[in-house]
Amino acid sequence: MEKLLVAKIGGNIVDNEAALKSFLNDFAAIDQPKILIHGGGKIATRIAEKLGVETQMINGRRITSKDNLDIVVQLYAGLINKNIVAALQASEYCNAIGFTGADANVITAVKRPVKDIDYGYVGDVTEVNEDRIHQFLANGLTPVFCAITHDANGQLFNTNADTIASQIAVALSAYYEVSLYYCFELKGVLTDINDKDSVVEKINTTKYAELKEQGIIADGMLPKMENCFEALQKGVAEVHIANAEFVTNQQVKHTTLTL
């Protein structure tokens, strides 16, 4: 089975011009089918503040009001996505194409149900059109997804980029042997946030429960870890949390997830 690399980059890379440029140069040069998913939450928070729009986070997840939705759509689907696509097109090895979930109807979602918390215009993925994404890959294109989905009835949603990465990886595992990389500015999951080399190199579900109980894994890392384990349970071959350098240099220290 052919290999597929699915990489997700977060706001700390997207927001750092030098780090983003370095990652995209390395990513573009990878000679195999690949997909990139990006967030941009830090930029969205900064722009919202300038516009006087309140940003509210609960358990690492953004509450998306109508005003927040307008901001994230403009940034994620517009400025950030197209800058990334343009940067990848600068390489002769990567013919990139940018997507929201609405484009070619590749990712549909439903508004997250209100239970204890009303997350606003946040969508939970219901379906990934893996056949269509496979067609793009088979034609030599590199899809670049932002964190925007739709409900097939005209409504856009802000959707967790980690979840999109996991769902795409799971869906494409029908066609490929999929490796899923969550890339950010740190080397992996750390036992001590002040020691950048204190990487937990292997985490299974038992170790995850221990680290969660100790408060080492908390806040925004919780949904990321949940997505990692769900991907493994549903057929993704391997999942890693690592510095962006890991995409092209797998000898560097990183965190590998196992069941």
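These lines cover the structure that appears in this document, whether it is placed above or below. (Residues numbered from 1 in each chain as written. Predicted model: local features only at pLDDT ≥ 70, side-chain atom pairs only at ≥ 80, totals over all residues. Heavy atoms only, no water.)

**A look at the overall build of the chain**
Definition in use: Only DSSP runs of H or I covering at least 4 residues are called helices, and only runs of E covering at least 2 are called strands; the numbering of each starts at the N terminus. The globule rule is 2.2 Å times the number of residues to the power 0.38, and the radius of gyration it is compared with is taken over C-alpha atoms. Relative accessibility under 20% of the residue-type maximum defines a buried residue, over 50% an exposed one, and the middle range a partly exposed one, all with a 1.4 Å probe and only protein chains included.
The secondary structure content of the chain amounts to eight helices and 14 strands. Rg of the C-alpha trace for the chain: 17 Å, near the compact-globule value of 18 Å for 259 residues, within the 12% margin. In terms of principal-axis extent, the alpha carbons of the chain reach across some 45 × 45 × 35 Å. By residue count, 51% of the 259 residues in the chain fall in the buried class.

**Structural notes on the nonpolar core**
The test is simple: Think of a nonpolar core as a cluster: buried Ala, Val, Leu, Ile, Met, Phe, Trp, Tyr and Cys residues, connected wherever their side-chain atoms sit within 4.5 Å. We call two residues in contact whenever any of their non-hydrogen atoms come within 4.5 Å of each other.
If you look at the biggest cluster of nonpolar residues, it comprises 85 residues, and the most contacted ones within it are Phe 23, Ile 35, Leu 36, Leu 88, Leu 172, Ile 203 and Met 225. Looking at which element gives the most residues to this core, the answer is helix α4 (residues 66-89), with 10 residues. Every residue in contact with Leu 88, bar those within four places of it in the chain, is listed here: Leu 24, Phe 27, Ala 28, Leu 36, Cys 94, Ala 96 and Val 144.

**Comments concerning the pairing of strand β8 (residues 141-145)**
To be explicit about the condition: When DSSP finds at least two bridges between two strands, those strands are taken to pair.
Counting buried residues in β8 gives five out of five residues, a clear majority hidden from the surface. Across the two faces of β8 the burial is the same, with Leu 141, Pro 143 and Phe 145 and Thr 142 and Val 144 all buried. For strand β2 (residues 34-38) and β8, the ladder comprises two bridges, and the chain directions are parallel. Residue pairing across strands places Leu 36 opposite Val 144, the latter belonging to β8. Judged from the five bridges that link them, strand β5 (residues 95-99) and β8 form a sheet pairing that is parallel. By the bridge assignment for β8, Asn 95 is matched with Leu 141.

**Description of the side chain of Thr 142**
Assignment of secondary structure puts Thr 142 in strand β8. Among residues more than four places away in sequence, those in contact with Thr 142 are Phe 27, Lys 34, Cys 94, Asn 95, Ala 96 and Ile 97.

**Observations concerning the sheet that holds strand β1 (residues 3-9)**
Basically, it comes down to this: Note on geometry: axes are C-alpha line fits, over the in-contact stretch for helices, and angles between N-to-C directions span 0 to 180 degrees.
Spatially, the eight strands line up as an open sheet ordered β5-β8-β2-β1-β11-β13-β14-β12, and their pairing is mixed. Lying at the two open borders of the sheet, with one neighbouring strand each, are β5 and β12 (202-203). As paired strands, β1 and β2 are joined by five bridges and run parallel to one another. The residue bridging Ile 9 from the neighbouring strand is His 38, located in β2. Against the sheet, helix α5 (residues 130-138) makes contact with β1, β2, β5 and β8, and its axis sits at roughly 135° relative to β8, the strand it touches most.

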